[in-house]
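Residue-level structural notes
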Amino acid sequence: MQFDFVGIGDVVTDAFIKLADDNAEVIKGVHQKICLNHPDKIPFERAVVVKGVGNAANACVSASRLGLAAAFVSNVGEDTLGQEMIQHFKDEGVNADNIIVNKNKTSNNHYVLWYKTDRTILIHHEKYVYHLPSFEEPPKWFYFSSIGEDAVDFHDVVSEYIEQNPETKLAFQPGTFQIRLGPKKLARIYKNTEVFFCNREEAMEITGIEDREIEGLVRAMHSYGPRMVILTDGPDGAYASDGKQIFFLPQYPDPVPPLERTGAGDSFSSTVISSLALGNSLKTALMWGPVNSMSVVQHIGAQEGLLRRTKLEQYLEAAPPDYKSTIYKKL
């Protein structure tokens, strides 16, 4: 069969730790920092464990719920947690045949410091050997995201597949390690990317541009190779460029204040790609993304709030008049 959407990246279990509002502080700047008293015993309100998440993992569940034939390429350890994560994807209708179980290794665990409506994630990636399977038919889309630091060469494997199978389009949403590597070391991936996603601050880190001005960041990202560049700006909306013009879209209005924002970016980007895979234009696909993000931030974790296509379309029909893509700048 031909898959519409193949997610490639690590999968983890997130342990959310809800910090009390008066036991932490956020210091604002170009990069915000969360501060806790050290050394000290810090009270927390509650802990919640969410299994089978991660950038590409969340994207696969999102695509499946929107009606696409989705598959996941990943690694887990030879442990109960790994088996539970594999079953999770099967339950979500995501093909899990290419999730490799690594003997004598453990599955990934992240810890999420949940403070007010946002979070700081403590990450650790196990050292896995990454493999890209052969597919009966080239998938329509690869969605490539966060992997471990020891997998630099795997980027060339993904790039080579795209070069040999140009009918497969690549969406690239870099994780922490991939952002740190920079565009020079990942030049081949950037060159083969159809749609690139990151947030405004990440674009500044990747490009080395200290100015937050969107046009300069978009032009710099295009110069590395991506045909479409999409930058999210949290509650302030998102920008999308096709190389000719930059579109702006405001945030879809929250029905109630967000609970916490984990997975908002993943739901946005995967929903945009799913819409493109269904044949919609970039301008239309851009409008889909914030709807799923709005729903996700009303729940704990990155997947519980992901919408089915029918429900997402209902939200689009009920959108306020000012919720529309507009031309921000012509390039």
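1. Looking at the packing of aromatic side chains
To describe a pair of aromatic rings, one takes the distance between the centres and the angle between the planes. Per the counting criterion, the structure on display carries 18 aromatic pairs. Taking 6.4 Å as the distance between ring centres and 85° as the angle between the ring planes, the aromatic pair formed by Phe197 and Phe268 counts as edge-to-face. Highlighted residues: Phe197 in strand E12 (residues 195–199) and Phe268 in helix H8 (residues 264–277), separated in sequence by 71 residues. This pair shows no difference in class: Phe197 is buried, exactly as Phe268 is. Three or more aromatic residues joined by ring pairs make a cluster, and in this case those are Tyr130, Phe144, Phe154, Phe172, Tyr190, Phe196 and Tyr224. Just above the ring of Trp114 sits the side chain of Lys18; from NZ or CZ to the centre is 5.4 Å. The ring centre of Tyr315 lies 5.3 Å from the NZ or CZ of Lys311, which sits over that ring.

2. Points about the nonpolar core
Residues Phe5, Phe72, Phe89, Val195, Phe197, Ile230 and Ile273 are the most contacted members of the largest nonpolar core, which totals 49 residues. With seven residues, helix H9 (residues 282–296) is the single largest residue contributor to this core. Apart from the residues within four sequence positions on either side, Phe89 is in contact with Val11, Gly52, Ala57, Val61, Phe72, Val94, Ala96 and Ile99. Phe142, Tyr190, Met221 and Tyr239 belong to the second-largest nonpolar core, a separate cluster that totals 38 residues.

3. Regarding the pattern of salt bridges
Scanning the model with the defined rule gives 15 salt bridges in all. Between Glu45 and Lys18 there is a salt bridge, with the nearest N and O atoms lying 4.0 Å from each other. With a gap of 27 residues between them, Glu45 in strand E5 (residues 44–53) and Lys18 in strand E2 (residues 12–19) connect regions that are remote in the sequence. Assessed through its relative accessible area of 10%, Lys18 is described here as buried. The shortest N-O distance in the salt bridge between Glu215 and Arg219 comes to 3.0 Å. Of this pair, Glu215 and Arg219 both sit in helix H7 (residues 214–223), four residues apart, which is roughly one turn of the helix.

Parameters and conventions
Residues numbered from 1 in each chain as written. Predicted model: local features only at pLDDT ≥ 70, side-chain atom pairs only at ≥ 80, totals over all residues. Heavy atoms only, no water. Phe/Tyr/Trp six-rings, centres within 6.5 Å; stacked < 30°, edge-to-face > 60°. Helix = DSSP H or I, 4+ residues; strand = E, 2+ residues; numbered from the N terminus. Buried < 20%, exposed > 50% of the residue type's maximum accessible area, 1.4 Å probe, protein only. Lys NZ or Arg CZ within 6 Å of the ring centre and 35° of its normal. Core = buried A, V, L, I, M, F, W, Y, C linked by side-chain atoms within 4.5 Å. Contact = heavy atoms within 4.5 Å. Salt bridge = Lys/Arg side-chain N within 4 Å of Asp/Glu carboxyl O.

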